[in-house]
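# Observations on chain architecture
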Amino acid sequence: MGSVSELCASSFQAFLCPSVRPGAPAAATVPDDLSPEERQELESIRRRKQELLHDIQRLKDEIAEVTIEIESLGQTEERKSMQRNKQMAIGRKKFNMDPKKGIRFLVDSSLLKNTSDDIAQFLYKGEGLNKTAIGDFLGERDDFNIEVLHAFLDLHEFTDLNLVQALRQFLWSFRLPGEAQKIDRMMEAFAQRYCRCNPGVFQSTDTCYILSFAVIMLNTSLHNPNVKDKPSVQRFTAMNRGINDGGDLPEELLRNLYDSIKNEPFKIPEDDGNDLTHTFFNPDREGWLLKLGGRVKTWKRRWFILTDNCLYYFEYTTDKEPRGIIPLENLSIREVEDSKKPNCFELFIPDHKDQVIKACKTEADGRVVEGNHTYYRISAPTAEEKDEWMNSMKAAISKDPFYEMLAARKKKVSSLKGL
């Protein structure tokens, strides 16, 4: 069967000249018995017929062109969609490895608008994103990151939720970073959002902030098997007296929060592969650093986590197992100059220059072997980060920055009360 245009042409030809086979040239002969008027009319009909056939051919050509354009357009849109999906997948992978570079790639590729709302939506949906990377980006202190953090909080609806329910929702959407300063910014933003959604529940955002930390600490104490002394509801209530701008919170509210945590601990997204009770408080610091190799003196970028008096390093933030573990016991830290990298410091054994540091690493084939470093040389991205890492390592054994941070907020509330 022919195309629509071909059928149209055939129909017109059959209608205009039934005795002429469609597609065949028309006869030029004129019957002898026609009058001059009839001959003139016949010639007019034949001219009109040729004009119509010409118009039909033109329409056929136009239909063919439009058909080709439509088919080409469909293929082009499909290719564009495939290319977009491919670029988006690359952007997500880049984000999981380095959040700032990932966002920059997506913005430069016109896959994200460079606005706090658009980026917050991207992080909130979280499709294909690592929760650790989301938390790392939201916790940064840059003004734009803080804008994104607040836009991210605005996407959470906490109205009519008690504090534990709100915390469950909030802490499921990312992994809380290990750095005290990042946690402070994120929990401050959470407290502000919760109080906006539930006006009148607390006297101030400070109250919400302090109680949120108390609940997370309670979760750790009740469900961490290493904690033997489990707090009772009476102790939890007593610990939180006077935090509501000098007044006490309703005992029933505190008891309900206690029972909720006791009956169901906080959960974390699967892609972190860690126990939430450890990740909230044990990490003192985490971030990207460069590490100098042992036998082969090459610099490699690694994701470092400082926790439990140990320094762990990973190839990617998404890795479930560390590539190496460096116990900090008996080690010292010093600032050093390096001809190839800036902002360097070293971990070493004092008074034992050539002694190998007790550490382990995972080989490419999965074998765990002892390290062979007499010192670990590390390069930070900036001088400020170098100082922060060194200070965190020095303080790792004796101090818990999160409890200090909470104590500082309680002190602030007490001082305001005395004014």
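Structural data are supplied above this passage.
The following paragraphs examine the structure supplied in this document. Sequence order sets the numbering: in each chain, residues are counted from 1 along the sequence as written. Side-chain atom pairs in this predicted model are given and counted only at pLDDT of 80 or more, local residue features only at pLDDT of at least 70, and totals for whole chains, interfaces and linings cover all residues. Note that water and hydrogens are dropped before the side-chain values are worked out from all heavy atoms of the structure.

## Observations regarding the packing of helix 4 (residues 116-125) against helix 6 (residues 143-154)
Packing of helix 4 against helix 6 leaves a shortest axis separation of 8 Å and a crossing angle of 60°. Here helix 4 is positioned oblique relative to helix 6, judged by the angle of their axes. Our pair here, helix 4 against helix 6, has a crossing hand that is right-handed. Residues S116, D117, I119, A120, L123 and Y124 of helix 4 form the contact with helix 6, whose participating residues are F144, E147, V148, A151 and F152. Side-chain classes are defined by residue name, with Ala, Val, Leu, Ile, Met, Phe, Trp, Tyr, Cys and Pro counting as nonpolar, Asp, Glu, Lys and Arg as charged, and the others, Gly among them, as polar. For the contact of helix 4 with helix 6, the class distribution of residues is eight nonpolar, one polar and two charged. To get an axis, a line is fitted to the C-alpha atoms, and for a helix only the part in contact is used. The angle between two axes follows their N-to-C directions and goes from 0 to 180 degrees. Helix and strand assignments follow DSSP, with helices taken as H or I runs no shorter than four residues and strands as E runs no shorter than two, numbered in order from the N terminus. Should an angle lie under 35 degrees it is considered roughly parallel, over 145 roughly antiparallel, and from 65 to 115 roughly perpendicular; all remaining angles are considered oblique. Handedness of each helix crossing follows the sense of rotation of the near helix against the far helix: counterclockwise by less than a right angle gives left-handed, clockwise gives right-handed. In this analysis, two residues are considered to be in contact whenever any of their non-hydrogen atoms come within 4.5 Å of each other.

## Description of the state of the cysteines
Working definition: a disulfide is two cysteine sulfur atoms within 2.5 Å of each other. Here the structure, examined in full by the defined rule, presents zero disulfides. With no disulfide of its own, C197 lies 9.5 Å from the sulfur of C195, the closest cysteine sulfur.

## What to know about the pairing of strand 6 (residues 344-348)
Think of it in three bands: residues with accessible area under 20% of the maximum for their type are buried, residues over 50% are exposed, and the middle band is partly exposed, with areas taken using a 1.4 Å probe on protein chains only. Burial runs high along strand 6: five of the five residues are buried. Here strand 6 shows two buried faces, one formed by C344, E346 and F348 and the other by F345 and L347. As defined by bridge partners, strand 5 (residues 332-336) adjoins strand 6 across five bridges and the pair is classed as antiparallel. Looking at the pairing, S332 lines up with F348 of strand 6. Strand pairing requires that DSSP identify at least two bridges connecting the strands. The sheet contact formed by strand 6 and strand 9 (residues 375-379) spans five bridges and is antiparallel. Paired with F348 across the strands is Y375, a residue of strand 9.

## Concerning the layout of surface pockets
In this analysis the probe radius is 1.4 Å and the grid spacing 1 Å, with only protein atoms considered; a cavity is a set of points the probe fits into but cannot get out of, a pocket is an open set with protein on both sides within 12 Å along at least five of seven lines, and lining residues have an atom within 4 Å of a point. Grid points are joined across faces, edges and corners, and a volume is the space filled by probe spheres set on the points. Of the voids in this model, the largest pocket is the one considered here, and its volume is about 740 Å³. Taken together, 27 residues make up the lining of the largest pocket; nearest its centre are K100, E140, K182, P381 and E385. The element best represented in the lining of the largest pocket is strand 1 (residues 283-292), accounting for six residues. For the lining of the largest pocket, a count of residues per class yields eight nonpolar, three polar and 16 charged.

## Some thoughts on the packing of aromatic side chains
Where two aromatic rings form a pair, the distance of their centres and the angle of their planes describe that pair. Put simply, two rings from Phe, Tyr or Trp (the six-membered ring, in Trp's case) pair if the centres are within 6.5 Å, and we call them stacked under 30 degrees between planes, edge-to-face over 60, tilted for the rest. Evaluated as defined, the whole model comprises 14 aromatic pairs. Taken together, a centroid distance of 5.4 Å and an interplanar angle of 65° make the contact between F158 and F190 edge-to-face. Separated by 32 residues along the polypeptide, F158 in the loop between helix 6 and helix 7 (163-172) and F190 in helix 8 (residues 180-197) bring together distant segments of the chain. Assigned by exposure class, F158 and F190 land together as buried. On the basis of an interplanar angle of 40° and a centroid distance of 5.5 Å, the ring pair of F304 and Y313 is categorised as tilted. Accessibility expressed as a relative area gives 5% for Y313, which makes it buried. These aromatic residues form a ring-pair network of at least three members: Y124, F152, F158, F170, F174, F190, Y194 and F202. Our definition puts a charge over a ring when NZ of Lys or CZ of Arg is within 6 Å of the ring centre and also within 35 degrees of the ring normal. Positioned above the aromatic ring of F105, the side-chain terminus of K94 is 5.4 Å from the ring centre. Over the aromatic face of W288 sits the side chain of R301, whose NZ or CZ is 3.9 Å from the ring centroid.

## Focus on the pattern of salt bridges
We count a salt bridge whenever a side-chain nitrogen from Lys or Arg sits within 4 Å of a carboxyl oxygen from Asp or Glu. Scanning the model with the defined rule gives 22 salt bridges in all. Residues D98 and R301 are paired through a salt bridge, measuring 2.6 Å at the closest nitrogen-oxygen approach. Within this pair, whereas D98 is found in the loop between helix 2 (36-97) and helix 3 (99-108), its partner R301 is found in strand 2 (residues 299-307), the two being separated by 203 residues in sequence. For D98, a relative accessible area of 14% puts it in the buried group. You can call R301 partly exposed: its relative accessible area is 32%. A salt bridge links K182 to E140; the nearest nitrogen and oxygen atoms lie 3.3 Å apart.

## A closer look at a negative patch on the surface
Where like charges cluster on the molecular surface, the negative patch consists of D32, D33, E37 and E38. In this fold, E37 is placed in helix 2. What makes a patch is a set of residues exposed beyond 30% relative accessible area and free of salt bridges, joined within 9 Å when like-charged and within 5 Å when nonpolar (Val, Leu, Ile, Met, Phe, Trp, Tyr). For the area figures, the Shrake-Rupley method with a 1.4 Å probe applies, and any residue is considered shielded solely by the protein chains shown. Only four residue types enter the tally: Lys and Arg on the positive side, Asp and Glu on the negative side; His and the chain ends are excluded. Taken as the charge centre is NZ of Lys, CZ of Arg, CG of Asp or CD of Glu, depending on the residue.

## Quick notes on helix 11 (residues 251-263)
In this model, helix 11 (13 residues) spans 18 Å end to end at C-alpha, consistent with the 18 Å of a helix rising 1.5 Å per residue. Those residues of helix 11 that sit buried are L254, L257, Y258 and I261. Around the axis of helix 11, the buried residues are gathered within 100° of arc, so they sit on the same side. Pointing more than 90 degrees away from the buried face of helix 11 are the exposed residues E252 and N263. Here the expected span of a helix is defined as 1.5 Å times the quantity of residues minus one. Directions pointing from the helix axis toward each C-beta atom define the arc.

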